[in-house]
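Structural description and commentary
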Amino acid sequence: GWYTIDYPERPGAVGLVVRVLDDNGAMLGESAVLFRTPRIATVDITLPRAAPGRSEFERIATAVDHAFQGSATEQPTAAQIEFVAQAVGSPAIQIAQYVLARQLGAARAASVTRRS
């Protein structure tokens, strides 16, 4: 990604260091010091690859399926989606998109089964 950082001009030489921190404040990467920083500068930072883990879809699926407690997700109401979103700590739109993906997957599977 890219970011814009505005800072006031200061007389004299100013150095710039950019650090990338994770959610817990641990440093993931740091740029070299850029001395006499120009008004516009590009700072590249290469971060280590994250350890492989579950995808966002898998994390949402696990949380939502647990929150619905195995009840049908074919036609949840807006209130149910909002309730589950609050329960799992995800935006309601992500929950609705997951439910829609499940509905489309089920419809596709039914369509393929009927053709066989």
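Quick summary incoming for the structure in this document.

The rules behind these values
Residues numbered from 1 in each chain as written. Predicted model: local features only at pLDDT ≥ 70, side-chain atom pairs only at ≥ 80, totals over all residues. Heavy atoms only, no water. Core = buried A, V, L, I, M, F, W, Y, C linked by side-chain atoms within 4.5 Å. Buried < 20%, exposed > 50% of the residue type's maximum accessible area, 1.4 Å probe, protein only. Helix = DSSP H or I, 4+ residues; strand = E, 2+ residues; numbered from the N terminus. Contact = heavy atoms within 4.5 Å. Salt bridge = Lys/Arg side-chain N within 4 Å of Asp/Glu carboxyl O. Phe/Tyr/Trp six-rings, centres within 6.5 Å; stacked < 30°, edge-to-face > 60°.

Structural notes on the nonpolar core
- Counting 10 residues, the largest nonpolar core consists of I60, A61, V64, F68, I81, V84, A85, I95, Y98 and V99.
- Elements that contribute at least two residues to this core include exactly α1 (56–68), α2 (78–88) and α3 (92–115).
- Top contributing element to this core by residue count: α1, with 4 residues.
- I60 has contacts with Q94, I95 and Y98, leaving out every residue within four places of it along the chain.

A few points about the environment of Q80
- With respect to the helices and strands, Q80 occurs in helix α2.
- Overall, the relative accessible area of 37% leaves Q80 in the partly exposed class.
- Along the sequence, Q80 and A96 sit 16 residues apart, while their C-alpha atoms lie 9.9 Å from each other.
- Ignoring sequence-local partners within four residues, the contact set of Q80 consists of F68 and Q75.

Some thoughts on the pattern of salt bridges
- Under the defined criterion, the tally for this structure stands at 2 salt bridges.
- A salt bridge links R19 to E30, with the shortest nitrogen-to-oxygen separation between them at 2.6 Å. In this pair, R19 sits in strand β1 (residues 19–21) while E30 sits in strand β2 (residues 27–30), placing the two residues 11 residues apart along the sequence.
- Residue classification places E30 among the partly exposed positions, given a relative accessible area of 42%.

A short note on the packing of aromatic side chains
- One pass over the full model with this rule turns up 1 aromatic pair.
- Ring geometry for F57 against Y98: centres 5.4 Å apart, planes inclined by 55°, an arrangement best described as tilted. Of this pair, F57 sits in helix α1 while Y98 sits in helix α3, placing them 41 residues apart in sequence.
- Taking the relative accessible area as the measure of exposure, Y98 reaches 5% and is therefore buried.

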